[in-house]
Amino acid sequence: MSITQLIYVSTAAHEFGALELRRILDSSVRHNAAKKVTGMLLYSHSSFMQVLEGDGADVDEVMSRIEMDTRHHGICILSRSKVPAREFGQWSMGFRGIAAEDAGAWPGYAPFFAHGFNAKMMNARPGVALEILATLAGNR
């Protein structure tokens, strides 16, 4: 059985603080666990990048809910593919906020997130979004 993996970026409606990000994560965990969807959410400079993994119909249902969420806009799907296994199966939704000092820790990826997630740059380098997500999740 293959797994659907979807990665998108979006722009936050405003700069989110720790409490609001916690609410988003709690909601994601609750909804995703019910659908057996796993993944990772990154937040950097008022932008999000998220990977969702699971049955195709379940991923699409979760993504439909995400698209209707007014806390962000400008959703750009970077990839949607079948993969042989989950890469982010350890979480209903993992989370990591990226700070300015993280750019120094990962200089090869910094241009893609140093000022918010740059969908245009990521689309120009296929696979980099997954690399960033996996690296920052500690999977690689």
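Summary of the structure given here. (Residues numbered from 1 in each chain as written. Predicted model: local features only at pLDDT ≥ 70, side-chain atom pairs only at ≥ 80, totals over all residues. Heavy atoms only, no water.)

### Details of the sheet that holds strand E5 (residues 94-97)
(1) Moving on: Reading across the sheet, the 5 strands line up as E4-E1-E3-E2-E5 and stay open at both edges, with mixed pairing between neighbours. Only two strands of the sheet have a single partner each, and these edge strands are strand E4 (72-83) and E5. For this sheet, the mean inter-axis angle between neighbouring strands, taken without regard to orientation, is 10 degrees. (Pairing = 2+ DSSP bridges. Helix = DSSP H or I, 4+ residues; strand = E, 2+ residues; numbered from the N terminus. Axes fitted to C-alpha atoms, helices over the stretch in contact; angles between N-to-C directions.)

### Here's the deal with the nonpolar core
(1) Moving on: Of all hydrophobic cores here, the largest spans 23 residues; its most connected members are Leu42, Met49, Met122 and Ile132.
(2) Moving on: Sorting the residues of this core by element identifies strand E1 (3-12), strand E2 (38-44), strand E3 (47-54), helix H4 (110-113), helix H5 (119-124) and helix H6 (128-137) as the ones contributing at least two each.
(3) Moving on: Apart from residues no more than four positions distant in its own chain, Met122 is found in contact with Val9, Met49, Leu78, Phe112, Phe117, Val128, Ala129 and Ile132.
(4) Moving on: One finds Ala12, Phe48, Val59 and Met63 within the second-largest nonpolar core, a separate group that totals 17 residues. (Core = buried A, V, L, I, M, F, W, Y, C linked by side-chain atoms within 4.5 Å. Buried < 20%, exposed > 50% of the residue type's maximum accessible area, 1.4 Å probe, protein only. Contact = heavy atoms within 4.5 Å.)

### Some details on unusual backbone geometry
With glycine set apart, most residues show a phi of negative sign, and most peptide bonds adopt trans.
(1) Moving on: Phi is positive for Lys36, which is not a glycine, with a value near 60 degrees.
(2) Moving on: Residue position: Lys36 is located in the loop between helix H1 (18-35) and E2.
(3) Moving on: Among the residues examined, Lys36 registers a relative accessible area of 64% and is labelled exposed.
(4) Moving on: At His45, a position not held by glycine, the phi torsion is positive, near 45 degrees.

### Here we look at the environment of Phe113
(1) Moving on: For Phe113, the position within the fold is in helix H4.
(2) Moving on: Placed 65 residues apart in sequence, Phe113 and Phe48 show a C-alpha to C-alpha distance of 9.7 Å.
(3) Moving on: When near neighbours in sequence (up to four residues on either side) are disregarded, Phe113 contacts Ser44, His45, Ile98, Asp102, Ala103 and Ile132.

### Some thoughts on the packing of aromatic side chains
(1) Moving on: Inspection of every chain in the model, using the stated rule, returns 3 aromatic pairs.
(2) Moving on: Relative to Phe48, the ring of Phe16 has its centre 5.7 Å away and its plane inclined at 50 degrees; by these criteria the two rings are tilted. You can see Phe16 sitting in the loop between E1 and H1 and its partner Phe48 sitting in strand E3, a full 32 residues away along the chain.
(3) Moving on: Look at Phe48 and you get buried, because its relative accessible area is 4%.
(4) Moving on: Taken together, the aromatic side chains of Phe16, Tyr43 and Phe48 make up a single cluster linked through ring pairs. (Phe/Tyr/Trp six-rings, centres within 6.5 Å; stacked < 30°, edge-to-face > 60°.)

### A look at the pattern of salt bridges
(1) Moving on: Applying the stated criterion across every chain, the model contains 6 salt bridges.
(2) Moving on: The residue Asp69 makes a salt bridge to Arg71 at a minimum N-O spacing of 2.6 Å.
(3) Moving on: With a shortest N-O distance of 3.4 Å, Glu131 and Arg125 are connected by a salt bridge. (Salt bridge = Lys/Arg side-chain N within 4 Å of Asp/Glu carboxyl O.)

### Some details on the environment of Gly56
(1) Moving on: Assignment of secondary structure puts Gly56 in helix H2 (residues 56-67).
(2) Moving on: Filtering out sequence-adjacent residues up to four positions away, Gly56 remains in contact with Thr4 and Arg80.

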